[in-house]
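# Commentary on secondary and tertiary structure
Residues per chain are reported as follows:
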Amino acid sequence: MHRLSRSSVLLLLALIAATALLCVGCSDSTGDGRKASLRVLFAGSLIIPFAQLENEFEAAYPEIDVNMEGHGSIQAIRIVGDLHEQADLVVTADYKLIPMLLYEAEDPDSGLPYSDWIVIFATNEMALAYSPDSAFADEVSADNWFEIMNRPGVRLGCSDPRLDANGYRALMTVKLAEALYDKPELFTETFGGVFRVPIRATETSAGTLMSVPEVLETKSGSHVVLRPYSVSLLPLLKSGDIDYAFEYESVIKQRGLEYVPLPPEVDLGDPEYAATYGAVTVKLNFQRFASVKPEFTGEPIRYGVTIPSNAREPEAAELLLAFLLGPEGQRIMAENYHPMISPAVTDNLSDLPESIKAFCTSGD
Amino acid sequence: MIRLEGLQVQAGDFSLSVDDLSITPGEYVMVLGPTASGKTVLLETVAGLRRPQGGRVWFGSRDVTGEPPERRGAGLVYQDYALFPHLNVAQNIGFGLRPGRTQAAAGSEGRSRATSRRPQGTGGRVGELAGLLGIDGLLQRYPDGLSGGERQRVALARALAIEPEVLLLDEPLSALDGPTRLELQKELKRLQREFQATVMHVTHDLDEALTLGDRMAVLINGRLHQVGPPSEVIRHPADGDVALLTGVTNVFPIISAVVDRECTRIRLGGVKGGGTSGEVELIVASTTVGQLGGAALAIIRPEEIVLLSGEGVIARPIPEAGVLSENLLEGVVWEIQLQSVHASLEIDVPPVFSVHVLRPDAQRMCLAAGSRVRLWIPPEVVHVCPV
Amino acid sequence: MNRIRVLSRMDWVFSFVGLVLLLFILAPLVATIFASSPRDFAEGVADKGVLTSLWLTFAAAFVATVIALFLGVPLAYLLARREFPGKNLIQGLIDLPIIIPHTAAGVALLMVFGRRGVLGEPLASVGLYFTENFAGIVVAMLFVSLPLLVDTAQETFSLVDRRLEGVARTLGASPWSAFGRVTLPLAWRGIVAGSVLMWARGISEFGAVVILAYNPKTVSVLIYERFAGFGLSAALPVTALLLILALVILVLTRAVLVPRQRVDRPGRGGGK
């Protein structure tokens, strides 16, 4: 380049080469078997507690290297089921997704389904996050949030129901709020006219069915801002580009944000209200690309985990899962405001790895 | 009239200083100097492309020191012509004639005038200049398709087109081969007379300076050492540096001097070019020895020394009233080089003197290394100057 | 002039090595194009959303490039021609966007151009928004790819002989005139090449766009979303279309930009 002399260029190249060599030399190699490498695909709402989990686990098991990859719940599973990639542990914010997408999907190499068991280990609640500078921040409370979020000029952040469990849960929350606050038009007020192809809500004998179209695009200037994952909404809160966002309570508390705690009738967090939750269903209504047309009926939020059949380091994965379910994991999750279910619940106790059975009971 | 007054220019590590240099309108001034003597810096400062740290530049009665180049009206021609590669010859020449050009002050003295007084459009003027320089057949061509000589003419035409106050030529002929160079030298002289242009022409070639210059300024290492008519400068260089630059190798320190009523005797000596050291005593006509307090040099042009062979054959006629007994030296031919016109000889007296004679004479005298010869140095050709 | 017809051994080695690299680029391209059946491909791209997204992406990159031309070319000229204190710092600053991870750039831009940002707030009051907006896409693309334009332009300017400008000045041209009549005509090709580079780089921008202006969706965001949400087969047709379009555009631009070799004509007198 014109402003680097020859010797500077050579020096720079040497530096780069040296650094590269250093990195290669220092990196863990699984080739000689000394260090196992785990790939964990997990729901983004666990990003902070899982970072801590990684550190503590690696400290306890220095011969195992954990690689954490946060994604939306649906996407995490698709990486295995659709892309046929390898993962050692898959964690989702909606446990139902694993049976839905992995029990039927076959690993082309082994012919086996990717999974046949799931361990349900944590819960969460929906809440409405905001920042001190948000519009009407001084006014908002559990009694008026549904009205404030629709006021002119207020921008509401929501994650994409096609990609993130938090997204369709937000739809459910709003729909459930209609019954609670006796505001039958709330869903339409919130989401009507926002999308180019609207989300249709139809009443059936079983409850309300909300149909999400394949292409979900917000019209320009709409008061709802859509992002693929709920964590992407948080920077927008900070920059002032949205005023309120639907997010899990654990994530909100981890980040120290202001929030409106939602009533249990709508927050999908209280097993007592499971029947109420069941009145709403979200259907992802696409025919072209999905292998199944997923339908999600409202239920208490349950996080699920499994070890796929194509895991490369199943024993190490078991160690990590045991660590998560055991006292260390419980402490970490508690420190991060993420409620755990203990003992964990599984649908297939007999097929669980031995070391995990101790932490689980059978259930649905 | 171009005048440089107290000029101080800094270019990187190099500094140029010109105390006083004036060029009268229509004068052709050569600036002679070795490479890296500051010649380009000088021209660029006059043109306005460089800012002096101190001093002034005058174009006539205008102080242009602070003026940008587009308002000065100095035409600049570089050694490698700097033609605009994306324009053809006609567009190059006409570049300064288009609107988009800021007007230099009208009516300043000493501006070059076109020979034709008829009012012409731009196209006409370009064609006229091209004709004057003999390149009118090339108007549609592009610079990369021209020979060196052709490019030079285009560059000249381009500079002349704006009727410049002064024409600044930076070694314009150095990149050309011998015959083309001579041809263009004649052209330059002719053009300058026709346009009555004021010219500052920079070169390292002494003969070029002698041919073209009305006056010559010697620039060495950023300082002007001497200004004067070329013939004057070569006969009476101001100091040893100028002497060396003007082709004199007979430069000897004066060891002692005795000033008499009638004449001055000096003793000069030194070692030159591998020869032996020695001292000789000469009578010189110059009276300046006494005025020079400290060290002084004796300078003798090689072609002014009279060469006599051992048999008394003389290389050239002796001036009248020559006193043959004084200033007669004996020596041995140390080295002889025959060139097309001249023969240059090194004669070890000692010290070694450089002598030039016409080649046929050298051959007639059967001179060869080792021949014994005698030199006679006319007193009036010994020039004395400070170190 | 006779062309040299015999290929040296060096030619063979260089060609081979180059071929390896070309295959490296070609393989993903070919794999993507042939991964979907023609019907899937037709369906995948007939989607109006795809075409809108492509148009949007190209247009935003174009706007970003134009802005960079107006703001960056003068700067490039100054850097090429002048010395001044702090020049090294400025050069480093200009190259910074290339090194910064693009998500980091996106976050930084959000802080500035978000509705409560230093620039975002005042501009929002006059109705110019950046998040969820075309303007945001332009800003993101501009930020991460302007070094390409500025560096190329600077390089190009420094290759133009300074003295040509000087001579133009002595002939009466003002600095503007010298720039416009001499420098620019000699530099325009390089500047255009830099613009194409910047435009191309802008089109592929993802990290910063995702954060600052996820909507309306540029084609890179669209592909990502299709892939993330619907799997590989959803993303392939759009990817393939983009690859083909990009290749066509790049080839066309080169054909226009690179001048055909001028036939050598020796001048009179031996071409000295």
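Residues numbered from 1 in each chain as written. Chains lettered and ligands numbered in written order. Predicted model: local features only at pLDDT ≥ 70, side-chain atom pairs only at ≥ 80, totals over all residues.

To continue, consider the overall build of chain C. From N to C terminus, chain C includes twelve helices and zero strands. Beginning at the N terminus, the succession of helices and strands in chain C can be written as α-α-α-α-α-α-α-α-α-α-α-α. Across its three principal axes, chain C shows a C-alpha extent of roughly 70 × 55 × 30 Å. Within chain C, the proportion of its 272 residues that are buried is 39%. Sequence-distant contacts, at least 24 apart, represent 76% of the contacts inside chain C between residues at least 6 apart. (Helix = DSSP H or I, 4+ residues; strand = E, 2+ residues; numbered from the N terminus. Buried ≥ 20, exposed ≤ 12 C-beta atoms within 10 Å, placed from the backbone. Contact = placed C-beta atoms within 7 Å.)

Looking now at the interface of chain C and chain B. It is common to give the size of an interface as the accessible area that goes away when the parts come together. The interface is formed by 24 residues belonging to chain C together with 27 residues belonging to chain B. For the side of chain C that touches chain B, the secondary structure elements donating two or more residues are α8 (162–170) and α9 (175–203) of chain C. Considering every element that reaches the side of chain C that touches chain B, the biggest residue donor is α8 of chain C, with seven residues. When the residues that make up the side of chain C that touches chain B are grouped by side-chain class, the tally is eight nonpolar, nine polar and seven charged. (Nonpolar A, V, L, I, M, F, W, Y, C, P; charged D, E, K, R; others polar.)

Moving on, we get to the environment of Glu5 of chain B. Residues and elements named next belong to chain B. Topologically, Glu5 is positioned in strand β1 (residues 2–11). Expressed as a C-alpha distance, the spacing of Glu5 and Gly54, which sit 49 residues apart in the sequence, is 9.1 Å. Setting aside residues no more than four positions away along its own chain, Glu5 makes contact with Asp20, Gly55, Arg56 and Trp58.

One finds Leu89, Val90 and Leu128 of chain A together with Ala140 and Leu212 of chain C to be the most contacted residues of the largest nonpolar core, which totals 161 residues. Among residues more than four places away in sequence, those in contact with Ala140 of chain C are Gly106, Leu109, Glu205, Ala208, Val209, Leu212 and Ala213 of chain C. The next biggest cluster of nonpolar side chains, apart from the first, holds 120 residues, and it includes Leu7, Ala159, Ala161 and Leu245 of chain B. (Core = buried A, V, L, I, M, F, W, Y, C linked by C-beta atoms within 7 Å.)

What follows deals with the pairing of strand β3 (residues 28–32) of chain B. All names here are of chain B. With five of five residues buried, β3 is to be regarded as a mostly interior element. Of the two faces of β3, both are covered, the one formed by Tyr28, Met30 and Leu32 as well as the one formed by Val29 and Val31. Sheet analysis places β3 next to strand β8 (residues 199–203), joined by five bridges and oriented parallel. Paired with Val29 across the bridge in β8 is Met200. By the bridge criterion, four bridges tie β3 to strand β9 (residues 215–220) in an arrangement that is parallel. Pairing of Leu32 across the sheet is with Val218, part of β9. (Pairing = 2+ DSSP bridges.)

As a further point, take the interface of chain A and chain C. The partner chain C presents 25 residues to the 25 residues of chain A that form the contact. Those elements that place two or more of their residues in the side of chain A that touches chain C are α3 (73–81), β9 (224–227) and α8 (233–239) of chain A. A class-by-class count of the residues in the side of chain A that touches chain C yields eleven nonpolar, seven polar and seven charged.

This part takes up the sheet that holds strand β15 (residues 306–309) of chain B. In any sheet, the strands associate via hydrogen bonds between backbone groups, in a parallel or an antiparallel arrangement. Residues and elements named next belong to chain B. A sheet is described by the order of its strands in space; here five strands give the open sequence β15-β19-β16-β17-β18, paired in antiparallel fashion. This sheet does not close on itself; its edge strands, each paired only once, are β15 and β18 (352–358). In this sheet, adjacent strand axes meet at a mean angle of 45° when their direction is disregarded. Two strands pair when backbone bridges link them, and strand β17 (residues 342–348) and β18 are joined in this way by seven bridges, in the antiparallel orientation. The residue bridging Leu345 from the neighbouring strand is Val355, located in β18. (Axes fitted to C-alpha atoms, helices over the stretch in contact; angles between N-to-C directions.)

Residues and elements named next belong to chain B. Contact geometry for helix α4 (residues 148–161) and helix α5 (residues 178–195): axes closest at 11 Å, N-to-C directions at 15°. Taken together, α4 and α5 sit at an angle that is classed as roughly parallel. As for the relative orientation of α4 and α5, their crossing is right-handed in sense. Across the interface between the two elements, Gly148, Gly149, Gln152, Leu156 and Leu160 of α4 pack against Thr180, Leu184, Leu191 and Phe195 of α5. A per-class count over the contact of α4 with α5 returns five nonpolar, four polar and no charged. (Parallel < 35°, antiparallel > 145°, perpendicular 65-115°, else oblique. Left-handed = near helix turned anticlockwise from the far one by under 90°.)

This part covers the arrangement of the chains. Contacts are most numerous, across the two pairs of chains in contact, for chains B and C. Chain A shows no contact with chain B. Their nearest C-alpha atoms sit 19 Å apart.

This part takes up the environment of Thr276 of chain A. Looking at the secondary structure, you find Thr276 of chain A in helix α10 (residues 274–277). Other than its neighbours up to four places away in sequence, Thr276 of chain A contacts Leu176 and Glu265 of chain A.

So, on to the sheet that holds strand β8 (residues 207–212) of chain A. Residue and element names in this part refer to chain A. Pairing is mixed across the open sheet formed by four strands, whose spatial order is β7-β8-β12-β13. Each of the sheet's edge strands pairs with one partner strand only, and the pair in question is β7 (200–204) and β13 (295–297). On average, each strand axis in the sheet is tilted by 20° relative to the strand beside it, whichever way the strands run. Both strand β12 (residues 280–284) and β13 contribute to a ladder of three bridges, which runs antiparallel.

Residue and element names in this part refer to chain A. Here strand β3 (residues 89–92) shows two buried faces, one formed by Leu89 and Val91 and the other by Val90 and Thr92. Sheet topology places strand β1 (residues 36–43) next to β3; three bridges connect them, and they run parallel. Along β3, the bridge assignment pairs Phe42 with Val91. Here three bridges tie β3 to strand β14 (residues 302–306), and the two strands are oriented antiparallel to one another. Directly across from Val91, in β14, lies its bridge partner Val305.

Before going further, it helps to spend a moment on α8 of chain C. Regarding α8 of chain C, the residues found buried are Glu165, Gly166, Val167, Ala168, Arg169 and Thr170 of chain C. Against α1 (39–47) and β6 (74–77) of chain B together with α9 of chain C lie the buried residues of α8 of chain C. Backbone geometry just after α8 of chain C places Gly172 of chain C at a positive phi near 110°.

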